[in-house]
4 protein chains.
Amino acid sequence: MTIRGTLRAGLVQIRVLDLEKAVIHYTERLGLDEVCRTSDGRVLLKAYDEFDHHSIVLRQAHEAGMDLIGLKVENDAFLTELEQKTKEFGLKYESIPANSDQPGFGRRLAVSLPTGHRLDLYAEVAIAEDHPGVKNPDIWQKEPHGMGVLNFDHALLYGPNTKLAAQYLTEVVGMSKVEVVKGPDGESDLATWLTCNNKAHDIALLEHEQPGKLHHIGFKLESWTEIGHAADLISIHDIALDAGPMRHGVTRGQTIYFFDPSGNRNEVYAGGYAHFPDMPLRVWDFDHVGKGVFYYTRALNERFLNVVT
Amino acid sequence: MTIRGTLRAGLVQIRVLDLEKAVIHYTERLGLDEVCRTSDGRVLLKAYDEFDHHSIVLRQAHEAGMDLIGLKVENDAFLTELEQKTKEFGLKYESIPANSDQPGFGRRLAVSLPTGHRLDLYAEVAIAEDHPGVKNPDIWQKEPHGMGVLNFDHALLYGPNTKLAAQYLTEVVGMSKVEVVKGPDGESDLATWLTCNNKAHDIALLEHEQPGKLHHIGFKLESWTEIGHAADLISIHDIALDAGPMRHGVTRGQTIYFFDPSGNRNEVYAGGYAHFPDMPLRVWDFDHVGKGVFYYTRALNERFLNVVT
Amino acid sequence: MTIRGTLRAGLVQIRVLDLEKAVIHYTERLGLDEVCRTSDGRVLLKAYDEFDHHSIVLRQAHEAGMDLIGLKVENDAFLTELEQKTKEFGLKYESIPANSDQPGFGRRLAVSLPTGHRLDLYAEVAIAEDHPGVKNPDIWQKEPHGMGVLNFDHALLYGPNTKLAAQYLTEVVGMSKVEVVKGPDGESDLATWLTCNNKAHDIALLEHEQPGKLHHIGFKLESWTEIGHAADLISIHDIALDAGPMRHGVTRGQTIYFFDPSGNRNEVYAGGYAHFPDMPLRVWDFDHVGKGVFYYTRALNERFLNVVT
Amino acid sequence: MTIRGTLRAGLVQIRVLDLEKAVIHYTERLGLDEVCRTSDGRVLLKAYDEFDHHSIVLRQAHEAGMDLIGLKVENDAFLTELEQKTKEFGLKYESIPANSDQPGFGRRLAVSLPTGHRLDLYAEVAIAEDHPGVKNPDIWQKEPHGMGVLNFDHALLYGPNTKLAAQYLTEVVGMSKVEVVKGPDGESDLATWLTCNNKAHDIALLEHEQPGKLHHIGFKLESWTEIGHAADLISIHDIALDAGPMRHGVTRGQTIYFFDPSGNRNEVYAGGYAHFPDMPLRVWDFDHVGKGVFYYTRALNERFLNVVT
């Protein structure tokens with residue numbers, strides 16, 4: 001295979017204030033399916049087009065936010081290689097044994113990113129019981145429900161030292177830098193979009209004084225029509241809308257943003273271009289960031305910029 | 001970057017019986033743009049979402065069909081590595097110097113596949129003048145026209161020895177086997193879908209007695225809505241329809257097939273899943289091939305099966 | 001109001017061979033809701049965007065087909081006027097008292113059309129309990145399911161004497177002739193599309209030797225995207241596909257045809273133009289009928305032409 | 001025919017500050033076609049799915065706004081009837097001879113509405129040279145361009161005495177009241193949607209102290225996908241966006257609002273329900289108006305409420 005090393009963002013653990021409200025939101029509204037619950041009460045979820053055991057974990061907590069984001073890698077040998085390189089790069093990490101807090105997952109390296117986020121790297125995941133099918137498969141095994149999200153796609157992380165984090169994610173983890181928004185100085189990168197594959201991003205970073213903050217987790221939809229359907233569901237079910245339906249200039253994705261019942265921001269999006277590593281970096285000047293993010297209104301609003309969990 | 005080695009299908013040269021009719025078909029109908037013409041009268045075309053100098057070449061000839069399909073690789077070092085491995089695998093190849101018959105292209109290895117097709121491997125391509133844009137880019141530089149194809153996507157090749165060809169493409173070139181259709185014996189692979197990236201396929205192979213045959217070249221569209229629009233254009237402009245609008249079971253793509261004025265089959269398609277190398281192989285039994293290919297009618301027709309160029 | 005006299009096709013009673021299979025088909029697949037069942041075992045259904053008590057009735061019988069189609073008119077005074085004019089025109093009719101065999105319906109005139117079909121004319125219908133909502137209404141009261149049909153739209157009837165039937169429906173009932181397909185003689189109308197409103201048709205007629213035959217009943221969908229979704233459901237649930245997804249030249253509608261478990265043909269369609277009575281008649285020559293009906297393949301198939309119930 | 005009396009909104013004359021900029025906006029962006037220009041320099045336009053000679057007129061002026069809106073009626077006899085009833089109702093009107101200021105149009109009654117707007121009623125219009133086609137017609141005669149608007153659809157008018165105007169339009173002109181937004185008192189109608197046909201509205205009225213103001217003119221698009229495409233064109237061509245892409249609760253239409261170069265508000269919209277005169281009135285309480293108009297954000301903005309021309 002030619003997608004090597006690090007494959008994709010495949011795991012995220014989210015803190016929620018009311019677990020049952022969160023389960024209803026992520027299952028009935030977004031369309032994820034509950035896989036199982038852990039002995040410590042966390043709820044494991046997956047999207048219908050994913051083969052891995054689970055991708056989203058909900059944890060009851062006193063504060064919303066993200067516990068960790070995970071990147072799946074090619075194999076255990078590459079994971080060992082990453083451990084060595086991470087040590088050399090100088091980032092702290094912890095080794096998490098297989099089948100401990102993430103059922104179905106093999107051993108993980110829990111790396112402390114300089115942005116204050118925890119990044120879990122892992123190679124082995126058990127195949128989900130409820131997967132897309134491999135033997136004369138129908139296009140779905142049970143009809144998508146709610147917004148019908150296909151898979152967990154990416155996260156936008158807010159924190160300090162994004163330059164160093166981006167250096168680690170490109171030089172060590174092997175991600176590609178796809179787009180950047182320049183700061184007012186025209187030199188530094190205010191925001192950076194990074195991918196492991198043809199997606200426009202698996203992880204995006206935005207420079208921010210508070211460490212370890214989550215701007216949003218993103219899920220994939222089929223097309224603009226499904227974005228409109230998501231918007232209808234958001235209004236009918238009194239979900240807190242943040243922005244959209246709209247398009248991004250960055251990634252060209254069609255999108256809508258909203259909040260889960262705990263205030264964690266969600267995105268469902270569709271379209272956007274297919275990235276390849278031989279494509280040039282796409283660069284946005286600071287004074288074009290409005291159009292880059294909100295392609296239609298061309299003006300960012302305070303809430304979108306500054307509300308994070 | 002983690003898309004390594006071989007990146008994607010990026011070049012195809014097609015034989016046409018009437019060059020000017022072909023140019024109208026591929027530019028005004030499919031929506032490609034003419035880049036330039038060569039001294040020997042070939043026409044170079046590209047799609048609006050491609051960065052490379054050109055992707056489609058039309059050559060006037062007495063017989064329709066495909067001269068060559070090209071795969072772009074990571075860099076020249078990998079190309080050198082491929083040359084050595086190709087030699088070891090035992091396939092004949094020719095070295096084509098840079099900027100010879102394909103303007104803007106670096107050196108190529110022209111490998112003779114056991115199926116009778118010519119596969120060109122190359123690392124360097126000049127960036128197109130008319131590309132998607134990288135500095136505060138709008139979502140398109142000029143409005144897509146005709147069917148509005150985004151890029152050249154893949155080809156389905158008919159020929160003998162597909163097992164050996166697939167072995168070369170996976171073991172040497174590094175492609176992933178995504179789906180297969182089993183033959184009546186339940187053992188051999190009648191058809192094989194191979195990819196270098198997240199696409200469901202860059203090259204597909206179908207076992208056939210005649211060597212070097214082309215079933216179709218495929219182009220990407222945004223969504224099912226654009227498939228419908230393509231169908232309207234096909235009828236209005238008296239283009240010979242082959243099959244669709246429909247969906248494939250294999251790849252899950254939404255699609256329509258038609259013929260260029262020389263009888264070469266074209267496909268425009270949208271949707272389908274994103275492939276990752278950790279996904280299990282999807283397998284179709286011979287008696288399910290109808291549903292696998294024609295997901296709605298569930299029955300292949302003779303023309304689709306046997307008309308090739 | 002300026003939509004006067006006859007409003008729309010609002011009722012159809014269908015004969016089915018297996019009632020429970022039919023109920024599953026029309027509710028879970030098409031997305032109709034069951035309203036209630038009658039003492040004689042018929043099942044009353046409605047679509048989510050309809051205000052009237054019910055629109056579709058399923059009756060268990062030994063032979064598939066249509067018992068009656070109904071047109072709703074402006075008010076009882078107009079119904080009285082129609083009774084007089086029908087008598088003068090010379091068609092037989094029966095008076096059906098209110099709340100007899102169609103719960104929630106006022107008195108009806110059951111007119112015997114010269115094509116051998118029964119046409120029920122009625123003015124009063126009780127409002128459905130489960131209607132779209134009128135007080136700060138959400139866009140739907142419960143989320144559309146299955147194919148999500150919006151409403152019963154029209155029927156295509158096969159029978160003799162369509163010229164006389166069309167004369168009655170235009171001169172007495174007040175429908176507009178929207179499109180016609182000419183017979184081989186270039187004079188007679190082989191097929192006629194008739195409407196009471198902005199729809200392209202409420203009733204269409206095709207000249208056929210057997211009286212009282214049903215070609216299909218049609219339901220409305222939102223857009224081409226929903227046609228594609230319907231096609232997916234047809235394949236997944238092993239529903240017998242007839243033709244499509246495709247477009248009609250006549251009406252310009254985007255459409256797919258399939259059979260209910262008893263062999264009655266269904267259509268779900270979207271789009272098409274808005275008809276107004278000041279628009280000229282659209283005429284199709286006999287040798288263009290293929291394109292008129294199957295806009296993409298441009299060729300009618302025997303099954304579509306001749307299989308009726 | 002059963003659409004009787006008054007058929008639809010079919011004509012609007014708009015004042016623009018820069019004629020050539022306006023022509024580019026309405027032809028290249030919205031996709032209307034220029035029919036001809038008058039001796040006094042006005043530009044006549046039509047949409048590709050309209051049969052009438054023209055529907056939109058642009059007039060160079062020092063102030064933006066609307067000169068007149070026109071309703072097409074069934075025939076001259078009904079126009080004569082309307083003249084008598086208008087006199088009895090007590091509204092001033094002028095008789096405009098055929099082929100005077102509106103080429104291709106028969107005689108008109110120019111009625112002075114109590115809201116300060118001019119309403120032209122007319123029965124005869126020459127058929128456009130460039131119409132949708134009636135003989136074995138393709139789905140379009142030339143491919144839709146720009147946003148691809150199908151037809152002029154409706155206008156929202158701001159002015160005083162909307163109650164009296166609505167009384168005239170229903171009792172005399174014969175329009176149906178489809179939806180209303182109640183004022184803070186819960187009694188009066190703050191806004192009223194009126195139709196002549198299956199559309200949700202041909203004319204809407206909003207109570208406002210200044211007479212004769214235009215909120216927007218609306219055009220029809222095929223579906224939500226075309227709304228998204230319109231949004232892309234708005235951003236790429238630096239058109240002043242007002243609101244959307246979004247959905248209305250009122251009419252259920254999917255929509256986007258923007259301004260022409262002179263500041264006149266345009267709407268392109270799709271979807272929405274089909275109205276019939278036997279449907280109950282849909283009523284919005286004053287405190288639900290936000291959701292009624294901006295179904296997603298549920299909050300009206302000042303600009304949308306108060307910027308009129």
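Residues numbered from 1 in each chain as written. Chains lettered and ligands numbered in written order. Predicted model: local features only at pLDDT ≥ 70, side-chain atom pairs only at ≥ 80, totals over all residues. Heavy atoms only, no water.

All right, on to helix α4 (residues 224–236) of chain D then. Residue and element names in this part refer to chain D. When the terminal C-alpha atoms of α4 are compared, their 19 Å separation across 13 residues agrees well with the 18 Å that a helix rising 1.5 Å per residue should span. For α4, the buried fraction is high: eleven of the 13 residues fall into the buried class. Along α4, the residues classified as buried are Trp224, Thr225, Ile227, Gly228, Ala230, Ala231, Asp232, Leu233, Ile234, Ser235 and Ile236. Positioned one or two residues after α4, Asp238 has a phi angle of 55°, which is positive. (Helix = DSSP H or I, 4+ residues; strand = E, 2+ residues; numbered from the N terminus. Expected span 1.5 Å × (residues − 1). Buried < 20%, exposed > 50% of the residue type's maximum accessible area, 1.4 Å probe, protein only.)

On to helix α2 (residues 76–89) of chain B, then. All names here are of chain B. When the terminal C-alpha atoms of α2 are compared, their 20 Å separation across 14 residues agrees well with the 20 Å that a helix rising 1.5 Å per residue should span. Along α2, the residues that are buried comprise Phe78, Leu79, Leu82, Glu83 and Thr86. Buried positions in α2, seen along its axis, are confined to an arc of 150° and lie on one side of it. Facing away from the buried side of α2 by over 90 degrees, the exposed positions are Ala77 and Glu88. Structurally, α2 contributes buried residues whose contacts are with β1 (6–16), β5 (65–73), β6 (93–96), β7 (108–112), β8 (118–122) and α3 (162–171). Note on α2: the residue one or two positions beyond its end, Gly90, has a positive phi of about 95°. (Arc of directions from axis to C-beta. Contact = heavy atoms within 4.5 Å.)

Another aspect to go through is the interface of chain A and chain D. The interface is formed by 17 residues belonging to chain A together with 17 residues belonging to chain D. Taken over both partners, the interface formed by chain A and chain D buries close to 1,500 Å², and the fraction arising from carbon and sulfur atoms is 49%. On the chain A side of the interface with chain D, the three residues burying the most area are Trp224(A), Ser235(A) and Tyr296(A), jointly 37% of the side's total. The shortest N-O distance in the salt bridge between Asp232(D) and Arg247(A) comes to 2.7 Å. At the junction of chain A with chain D, the criterion picks out 13 residue pairs in polar contact (both at pLDDT 80 or more). Those elements giving two or more residues to the side of chain A that touches chain D turn out to be α4 (224–236) and β14 (240–247) of chain A. Looking at the side of chain A that touches chain D, the element that brings in the most residues is α4(A), giving eight residues. The residue makeup of the side of chain A that touches chain D, split by class, is eight nonpolar, four polar and five charged. (Buried area = accessible area lost by both parts, 1.4 Å probe. Salt bridge = Lys/Arg side-chain N within 4 Å of Asp/Glu carboxyl O. Polar contact = N/O pair within 3.5 Å; in protein donor to acceptor, adjacent residues only side chain to side chain. Nonpolar A, V, L, I, M, F, W, Y, C, P; charged D, E, K, R; others polar.)

Next up on the list: the relation of the copies chain A and chain B. When chain A is fitted to chain B, the best match, at an RMSD of 0.0 Å, comes from turning it 180° and sliding it 0.0 Å along the axis. As the rotation angle and translation indicate, the two copies are arranged about a two-fold axis. Across chain A, the smallest distance between a C-alpha and the rotation axis is recorded for Ile3(A), namely 2.2 Å. Looking at the interface residues of chain A, 100% of them are also at the interface in chain B, so both copies use one shared face. (Least-squares fit on C-alpha atoms with pLDDT ≥ 70 in both.)

With that settled, the discussion passes to the environment of Asn151(B). For Asn151(B), the position within the fold is in the loop between β8 and β9 (152–159). Once the C-alpha coordinates of Asn151(B) and Lys46(B) are considered, the two residues, 105 residues apart in sequence, prove to be 7.6 Å apart.

The two chain copies are related to each other by a rotation about an axis together with a translation along it. Rotating chain A by 180° about the axis while translating it 0.0 Å along that axis superimposes it on chain D, leaving an RMSD of 0.0 Å. Comparing interface residues between copies, 100% of those in chain A also lie at the interface in chain D; the contact surface is shared.

For the rest of this paragraph, the subject is the pairing of strand β10 (residues 176–182) of chain A. All names here are of chain A. Extensive coverage of β10 is indicated by the burial of six of its seven residues. If you look at the hairpin formed by β10 and strand β11 (residues 189–195), you'll find six residues sitting between the two strands, and Gly186 has a positive phi there, around 75°. Where β10 lies against strand β17 (residues 282–284), three bridges are found, and the strand directions are parallel. The residue bridging Val181 from the neighbouring strand is Trp284, located in β17. (Pairing = 2+ DSSP bridges.)

Each pair of packed helices can be described by the angle between their axes along with the distance between the axes. In the contact formed by helix α4 (residues 224–236) of chain B and helix α4 (residues 224–236) of chain C, the axes pass within 9 Å of each other and the chain directions differ by 100°. Relative to α4(C), α4(B) is oriented roughly perpendicular. In this structure, α4(B) contributes Trp224(B), Thr225(B) and Gly228(B) to the contact, and α4(C) contributes Trp224(C), Thr225(C) and Gly228(C). Considering only residue class, the contact of α4(B) with α4(C) consists of two nonpolar, four polar and no charged. (Axes fitted to C-alpha atoms, helices over the stretch in contact; angles between N-to-C directions. Parallel < 35°, antiparallel > 145°, perpendicular 65-115°, else oblique.)

We now examine the pattern of salt bridges. Tallied over the full model, the rule gives 116 salt bridges over all chains. Asp278(D) serves as the salt-bridge partner of Arg8(C), at 2.7 Å between the closest nitrogen and oxygen. Taken together, the residues Arg8(C) in strand β1 (residues 6–16) and Asp278(D) in the loop between β16 (265–271) and β17 (282–284) connect one chain to another. Salt bridges sharing partners connect three or more residues here, namely Arg8(A), Asp52(A), Lys72(A) and Asp278(B).

To continue, consider the interface of chain A and chain B. For an interface, size is often stated in terms of accessible area lost upon the parts coming together. Each side of the interface is counted separately: chain A has 50 residues, and chain B has 50 residues. Between chain A and chain B lies a buried interface of about 4,400 Å² when both sides are counted; carbon and sulfur atoms form 53% of it. Run the count over chain A and chain B and you get ten salt bridges. Asp138(A) is paired through a salt bridge with Lys291(B); the nearest N and O atoms lie 2.8 Å apart. A breakdown of the residues in the side of chain A that touches chain B according to their chemical character gives 22 nonpolar, 13 polar and 15 charged.

Okay, the sheet that holds strand β13 (residues 213–220) of chain B next. Sheet strands pair via backbone hydrogen bonds, and the direction of the pair is either parallel or antiparallel. Residue and element names in this part refer to chain B. Here we have nine strands laid out as an open sheet, ordered β14-β15-β16-β13-β9-β12-β11-β10-β17, and mixed in their pairing. Two strands in the sheet have a free side with no partner beyond their single neighbour: β14 (240–247) and β17 (282–284). Each neighbouring strand pair of the sheet contributes to a mean axis angle of 15°, computed without reference to strand direction. Pairing analysis gives five bridges linking β14 to strand β15 (residues 253–259), with the strands arranged antiparallel. Across the sheet, the residue bridging to Leu241 is Phe258, located in β15. Set on the sheet, α3 makes contact with β9, β10 (176–182), β11 (189–195) and β12 (203–207); between it and β12 the angle comes to about 160°.

Residue and element names in this part refer to chain A. Domain boundaries in chain A define domain 1 (6–122) and domain 2 (151–306). Computed from C-alpha atoms alone, the centre-to-centre distance between domain 1 and domain 2 is 20 Å. Taken residue by residue, the interface counts 42 residues in domain 1 and 40 residues in domain 2. Of the roughly 3,200 Å² buried between domain 1 and domain 2, counting both surfaces, carbon and sulfur atoms make up 71%. On the domain 1 side of the interface with domain 2, the three residues burying the most area are Arg29, Phe89 and Thr115, jointly 18% of the side's total. Where domain 1 touches domain 2, the interface holds zero salt bridges. Where domain 1 touches domain 2, the interface holds 16 residue pairs in polar contact (both at pLDDT 80 or more). Counting residues per element, the ones that place at least two in the side of domain 1 that touches domain 2 are β1 (6–16), α1 (19–29), β5 (65–73), α2 (76–89) and β8 (118–122). Considering every element that reaches the side of domain 1 that touches domain 2, the biggest residue donor is β1, with ten residues. For the side of domain 1 that touches domain 2, the class distribution of residues is 26 nonpolar, nine polar and seven charged. (Domains from an automatic or database assignment.)

Now for unusual backbone geometry. Here Gly244(B) and Pro245(B) are connected by a cis peptide whose omega angle stands at 5°. Within the secondary structure layout, Pro245(B) lies in strand β14. The phi dihedral of Asp238(A) falls on the positive side, at around 50°, and the residue is not glycine. Relative to the helices and strands, Asp238(A) resides in the loop between α4 and β14. By relative accessible area, Asp238(A) is classed as exposed at 56%.

Residues and elements named next belong to chain A. Read from one edge of the open sheet, nine strands run β14-β15-β16-β13-β9-β12-β11-β10-β17, paired in mixed fashion. Both outer strands of the open sheet, β14 and β17, are each paired with one neighbouring strand and no more. Going across the sheet, the axis of each strand differs from the next one's by a mean of 15°, ignoring polarity. Of the strand pairs in this sheet, strand β9 (residues 152–159) and strand β12 (residues 203–207) are connected by five bridges, and their pairing is parallel. Paired with Leu157 across the strands is Leu205, a residue of β12.

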